[in-house]
Amino acid sequence: MPRSSRPLQIFPIVMRHVEVAGVEDVTANMRRITLTGEDLTEGVMGEGYHRPAFRSEGFDDHVKLVVPPAGGELPRVGTQEETRFAWNPEVLGNTRDYTVRSWDPAANTFSIDVVRHDHGLAASWAFAARPGDRIHFAGPKSCARINTDADFHLLAGDETALPAIARWLEEAPEGTRGHVVVEVPTAEDRQQVGTRADVRVEWLVRGDAPAGTGTRLFDAVRRVELPEGRVYAWVAGEAMTIAPIRRYLRDERALPKEDVEVTGYWRRPKTATGDGRAPRDNAESLTPVAADEGEETSADLLAQLHEMTELAPPVITRVAVTLGVNPAVAYGVTTLDGLAADTGVPAARLAPLLDGMTALGLLERDGAHFRNTPLGAVLCEDSAHDDLSLDNPANREALAFVDLADVLRAGGHAARLGERTWRERRADDAVLDAAHQDRAAEELAYVLDLLPDLPAVRDARTLAVAGDGAAHVAEKIARGRTVHLPGTDAAAWPAHDCAVLVAALEGRTDDECHDLLRKALTSGSSLVLFERTSDKAAVDDHAAEHALTSLAVTGLPLRSSTGIDHLLREAGARTVERTMLGWGFGHFGTVTVAHV
Ligand SMILES: Cc1cc2nc3c(=O)[nH]c(=O)nc-3n(C[C@H](O)[C@H](O)[C@H](O)COP(=O)(O)OP(=O)(O)OC[C@H]3O[C@@H](n4cnc5c(N)ncnc54)[C@H](O)[C@@H]3O)c2cc1C
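Everything quoted here is computed from the prediction, not taken from an experiment.

What follows deals with the confidence of the model for the protein chain. The predicted model of the protein chain has a mean per-residue pLDDT of 92, with 95% of residues at 70 or higher. This stretch, residues 272–293, has a pLDDT under 50; its non-local contacts, to residues over four places away or in other chains, come to 24 contacts.

For the rest of this paragraph, the subject is the site of the ligand. Near the ligand you find 25 residues, and of these Arg96, Asp97, His117, Ala122 and Arg267 are the closest. Here arginine 96 contributes a side-chain N or O atom positioned 2.7 Å from an oxygen atom of the ligand. One of the side-chain N or O atoms of histidine 117 is found 2.8 Å from an oxygen atom in the ligand. Here the ligand has 920 Å² of accessible area as a free molecule, and 90% of this is covered by the chains.

Turning next to the domain arrangement of the protein chain. If you check the domain split of the protein chain, you get domain 1 (8–144), domain 2 (308–391) and domain 3 (403–595). For domain 1 versus domain 2, the distance between C-alpha centres works out to 38 Å.

Next up on the list: the state of the cysteines. Per the counting criterion, the structure on display carries zero disulfides. Lacking any disulfide linkage, cysteine 498 is separated from the closest cysteine sulfur, that of cysteine 513, by 19 Å. We classify cysteine 498 as buried; its relative accessible area is 0%.

On to the sheet that holds strand β26 (residues 590–595). Strand order in the open sheet made by the six strands is β22-β21-β23-β24-β26-β25, with mixed pairing throughout. On the outer flanks of this sheet lie β22 (482–484) and β25 (575–580), each paired with one strand and no other. Across the sheet, the mean angle from the axis of one strand to that of its neighbour is 20 degrees, orientation sign disregarded. Sheet strands in contact with helix α18 (residues 470–477) are β21 (462–467), β22 and β23 (498–502), and its direction is about 155 degrees off that of β21.

A few words now on the packing of helix α19 (residues 510–522) against helix α21 (residues 561–570). To characterise two packed helices, one gives the angle between the axes of the helices and the distance between these axes. Direction vectors running N to C along α19 and α21 enclose 55 degrees, while the axes themselves pass 9 Å from each other. With respect to α21, the element α19 is oriented oblique. In the packing of α19 onto α21, the handedness of the crossing is right-handed. Along the contact surface, α19 presents Asp510, Cys513, His514, Leu517 and Leu521, while α21 presents Leu567, Leu568 and Glu570.

Counting residues in each nonpolar core, the largest one holds 25 residues, and the members touching the most others are Leu451, Val457, Val473, Val500, Val502, Val528 and Phe530. No other element matches α18, which puts four residues into this core. When sequence neighbours within four positions are dropped, the list of residues in contact with valine 528 reads Leu451, Leu454, Ala456, Val457, Cys498, Ala499, Val500, Leu501, Val591, Thr592 and Val593. One finds Ala161, Val184, Val193 and Ala197 within the second-largest nonpolar core, a separate group that totals 23 residues.

Rules and cut-offs
- Residues numbered from 1 in each chain as written.
- Predicted model: local features only at pLDDT ≥ 70, side-chain atom pairs only at ≥ 80, totals over all residues.
- Heavy atoms only, no water.
- pLDDT = per-residue confidence, 0-100.
- Contact = heavy atoms within 4.5 Å.
- Near = heavy atom within 4 Å.
- Polar contact = N/O pair within 3.5 Å; in protein donor to acceptor, adjacent residues only side chain to side chain.
- Areas by Shrake-Rupley, 256 points an atom, 1.4 Å probe, with all protein chains shown as cover.
- Domains from an automatic or database assignment.
- Disulfide = S-S within 2.5 Å.
- Buried < 20%, exposed > 50% of the residue type's maximum accessible area, 1.4 Å probe, protein only.
- Pairing = 2+ DSSP bridges.
- Helix = DSSP H or I, 4+ residues; strand = E, 2+ residues; numbered from the N terminus.
- Axes fitted to C-alpha atoms, helices over the stretch in contact; angles between N-to-C directions.
- Parallel < 35°, antiparallel > 145°, perpendicular 65-115°, else oblique.
- Left-handed = near helix turned anticlockwise from the far one by under 90°.
- Core = buried A, V, L, I, M, F, W, Y, C linked by side-chain atoms within 4.5 Å.

Written as structure tokens, this is what we have:
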């Protein structure tokens, strides 16, 4: 299932250039900047593409500001494409995320609330901004609405989360029940926010403690009495401070993953000085580092090769995530014995892993206690668990990658996976199959919203959907129409106008694909295919890893788009074209549409 149960909409990424219309201090440590300009309206962009009007309908929608360096100009920001923006890599270090605090389409303005802190590029810009100053920004690129199925909402965060929480309070409909906890630096930073919702708002004042330290938020969340019924939790703030809240809500309160959203909004640096400042002005580090002009020596090359061939980082990191070491440390379990009890691994065997994690910078040690490093804190996030935990059978299966040499020499899939084919293993193992279905649903989350508007799908009266995540896709595109779910192995398919196949060709022989495509194309007039391909394998190491892992796991090379076109034409397609959906990123950012 997709990561969040909140309904998600995806928007094309548009870069806009706007002007500061107003500057106002909301409280001593929070400055409101109101932005305006023609670029917020619908129109035509310089490159001739349609520019959709700016919109923001979710309480935590955010924009990416491209902040100019103090007293300087930014280089070219990038190139606008139809639904996405091709960034100039040199400006990426100058981008910062800010919540859309309010949006007023009638006045053609929106505002952001910026937290004051000493050494930030964006904070410095905001606190020096004057009406008439100009800035680029992109987004919001998506919008997630309030989960109206929840019986109770828990929102918690520090002052960086306050703009989103305040907007939630203002926008939550009457009858919404919940509890809100906000940590602010001083009592004067509390805000009066009107709401129709039935919520208790609890303010925590940090006082002299540095931002992003302490357990005030965590302690307050633990004190909240969660009622019976469905609870939706939204938490944001400093990444390490909120990590234990995620574990508490998921493990102790047993809230389902899709109802818990815990997002790191900023990271306190490892060597921060007492007031939360970075050791040096971050703006300096944003100056693009000049490329090394010297030639690479053979010692450099050997060092590079040595790094590339190390086995420790991928294995130690995956094992640490599987055992949940970093979330346990974030939760306050910091000794070897405590971690042994928490992970169920005897201390004598766990100690070498903790040493390895310390050597890799995933933990640091202070006497008998372990602490998370900023890198280790990232491993507390849900995405790390989803992608790396070896308790997920799809991740464990991917370890067959290490048998690549045997697979290349002998053919077939990795011997460690047994005799049966990948498709047979999935048919017999519901947990493995569900892991792959979930992965597809997650990748589809960024494009599914746009699928109903694809002409082949939009104009169909009846649809057929098969492959990974089929039921989920069917639900999204039905819009009152009949959608058949024939299953890829069905002998014949019911008549339909348009079929949608998701990840259905990977791990199937050409003959099997031919059969499947013919079934879809003879009982319908068009076919939309979401398929992972090997297209970028030579230029992108992630794509290469995926293609080789797929080969080791399925025993069959991942196809290129050209190979898929060929199969489609053999199966009776008259026309085959490819269309980008959404931002065009990821495995399913481009779909193949075939007509008979
Ligand atoms: C989706 C999203 C929405 C966000 N919405 C908001 C918002 O509405 N308002 C808002 O103010 N922030 C918001 N943030 C957080 C904001 O993007 C970060 O705080 C950002 O790092 C600030 O950029 P900067 O250039 O000022 O500091 P940076 O140059 O990024 O950081 C410089 C130093 O300051 C420290 N630092 C960064 N932020 C803080 C802070 N808040 N307090 C103390 N030290 C800090 C860093 O650890 C670093 O050492 C949001 C973040 C995300 C991901």
